[in-house]
Amino acid sequence: MGSLQQYYKKRKFNISPEPKGNVKKKAGNVFVVQKHAAGNLHYDFRIEFQGVLKSWAVPKQPPLKAGIKRLAIQTEDHPVEYASFKGMIPKGEYGAGKVEIWDKGEYKLLKKTKKAYVVELFGKKMKGIYVLFNLKDKSWFLFKRKKDSKNKKH
Ligand code: MN
């Protein structure tokens, strides 16, 4: 199970419109990308895993084609309810700024190791197989896999 301790600690739910939510007992398979106009505009990439949304902040638009690698900084787990959140986080609060849903859909977990998630995304923009690869600590790479790479001999 994931944990929402950090998520709760950073927010004041009487001030921020963000959902409090809770860790889900049932498995689910949603993914979402939220465009977040905080101090620095970034894209929050989230996949439902072990009852929470595993989350990464991607400083640039996530790639829609293979061949582009984006740095993705892992952030605190978010509640699954967050996948539907859009709105304005008030000035002075954690993550202050506008949150929009940039893409959303279901996903399929193809492979999970300590260092990587391989997922198939069924979004409106992001479709196909994507890899999240852990470089070091909270630094990951997010990229789209080439269509035929599954069948290639190494
Ligand atoms: Mn964010």
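Just so it is clear, the structure is predicted and the values come from calculations on it, not from any experiment. (Residues numbered from 1 in each chain as written. Predicted model: local features only at pLDDT ≥ 70, side-chain atom pairs only at ≥ 80, totals over all residues. Heavy atoms only, no water.)

Chemist: Explain the overall build of the protein here, please?
Modeler: Scanning the protein for helices and strands turns up one helix and nine strands. In terms of overall size, the protein behaves like a compact globule, its C-alpha atoms giving a radius of gyration of 15 Å where 154 residues would be expected to give roughly 15 Å. When the 154 residues of the protein are sorted by exposure, 44% land in the buried category. Within the protein, the 13 negative side-chain charges are centred at a point lying 5 Å from the centre of the 36 positive side-chain charges. (Helix = DSSP H or I, 4+ residues; strand = E, 2+ residues; numbered from the N terminus. Rg over C-alpha atoms; globule rule 2.2 N^0.38 Å. Buried < 20%, exposed > 50% of the residue type's maximum accessible area, 1.4 Å probe, protein only. Lys, Arg positive; Asp, Glu negative; His and termini not counted. Charge placed at Lys NZ, Arg CZ, Asp CG, Glu CD.)

Chemist: Hey, could you run me through unusual backbone geometry in this one?
Modeler: Of note, Gln50 is a non-glycine position whose phi angle comes to about 50°, a positive value. Mapping Gln50 onto the fold places it in the loop between strand S2 (41-49) and strand S3 (52-58). Backbone geometry at Asp137 places phi at a positive 50°, although glycine is not the residue there. Summarising the element assignment, Asp137 is placed in the loop between strand S8 (127-136) and strand S9 (139-144).

Chemist: What should I look at first to understand the nonpolar core in this one?
Modeler: As a rule of thumb, soluble globular proteins bury nonpolar side chains together. Counting 19 residues, the largest nonpolar core has Phe45 and Met126 as its most contacted members. Looking at this core, the elements with two or more residues in it are strand S1 (30-37), S2, S3, strand S6 (97-112), strand S7 (116-122), S8 and S9. Per-element tally for this core: the top contributor is S2, with four residues. Filtering out sequence-adjacent residues up to four positions away, Phe45 remains in contact with Phe31, Val32, Val33, Lys54, Ser55, Trp56, Val58, Leu121, Met126, Leu132 and Leu142. In terms of nonpolar packing, the next biggest core, distinct from the first, is built from twelve residues, Tyr7, Val30, Val32 and Ile89 among them. (Core = buried A, V, L, I, M, F, W, Y, C linked by side-chain atoms within 4.5 Å. Contact = heavy atoms within 4.5 Å.)

Chemist: Please explain the pattern of salt bridges as it appears in this structure.
Modeler: Between side chains of opposite charge, a pair can form when the charged atoms approach closely. Applying the stated rule across the entire model yields six salt bridges. For Arg11, the salt bridge is made with Glu76, and the minimal N-O distance between the two is 3.0 Å. Placement of Arg11 in the loop between helix H1 (5-10) and S1 and of Glu76 in strand S4 (residues 69-78) is noted, with a sequence separation of 65 residues between them. Assessed through its relative accessible area of 9%, Arg11 is described here as buried. As a salt-bridge pair, Asp77 and Lys54 come within 3.1 Å of each other at their nearest N and O atoms. Taken together, the residues Asp77 in strand S4 and Lys54 in strand S3 connect sequence positions 23 residues apart. (Salt bridge = Lys/Arg side-chain N within 4 Å of Asp/Glu carboxyl O.)

Chemist: I tried to follow the pairing of S7 on my own but got confused; where do I start?
Modeler: Residues in a regular strand point their side chains to alternate faces of the sheet. Burial analysis of S7 places five of its seven residues in the buried class, the great majority of the element. Counting the residues between successive antiparallel strands, the hairpin from S6 to S7 contains three residues. As defined by bridge partners, S7 adjoins S8 across seven bridges and the pair is classed as antiparallel. When the bridges of S8 are listed, Val118 appears paired with Val131. Here S7 folds back onto S8 in antiparallel fashion, the turn holding four residues. (Pairing = 2+ DSSP bridges.)

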